[in-house]
Amino acid sequence: LYHQPITEGRKLLLADGWLPNPASAETREGWMDYMRDMADNGLEEVQECAGTGFGFCNFQYRHAEGWTLDVTTVGEGMEGKGPAIVGYNVACE
């Protein structure tokens, strides 16, 4: 996943059984416009983004096995494909 644009990494995750975990309506209330744009354009799993600096964003997925996956991206986008993946973390629930 590392260094892939989020849109490409997302395809790999979906093919492996991960499902987008959309942010709650309460969380969405505090979003900046570009976060709404990402969600409205198919990246419904965006959870939060830093408003300054490197532009880190967090995307969350869930798996039928009961796991959650947080994916961290950086930057504004790679050739229209979204920010680049720079890290991830899996947790068991």
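Heads up: the structure comes first, above all this text.
Keep in mind that what you see is a predicted model, and the values were worked out from it rather than measured. (Residues numbered from 1 in each chain as written. Predicted model: local features only at pLDDT ≥ 70, side-chain atom pairs only at ≥ 80, totals over all residues. Heavy atoms only, no water.)

Novice: Just checking my understanding: could you explain the state of the cysteines for this structure?
Specialist: Here, disulfide denotes a covalent bond that connects the sulfur atoms of two cysteines. A full pass over the atoms with the stated rule returns 1 disulfide. Each sulfur of the disulfide joining Cys49 and Cys57 lies 2.0 Å from the other. Linking Cys49 and Cys57, the disulfide has an S-S dihedral of approximately 115° and is accordingly described as right-handed. Taking relative accessible area as the criterion, Cys49 reaches 13% and is therefore assigned buried. (Disulfide = S-S within 2.5 Å. Buried < 20%, exposed > 50% of the residue type's maximum accessible area, 1.4 Å probe, protein only.)

Novice: Could you clarify how one ought to interpret the side chain of Asn58 in this entry?
Specialist: Summarising the element assignment, Asn58 is placed in strand E3 (residues 57-63). The exposure class assigned to Asn58 is buried, which follows from its relative accessible area of 14%. The contacts of Asn58, once residues within four sequence positions are left out, are Glu45, Val46, Gln47, Glu48, Asp70, Val71 and Thr72. (Helix = DSSP H or I, 4+ residues; strand = E, 2+ residues; numbered from the N terminus. Contact = heavy atoms within 4.5 Å.)

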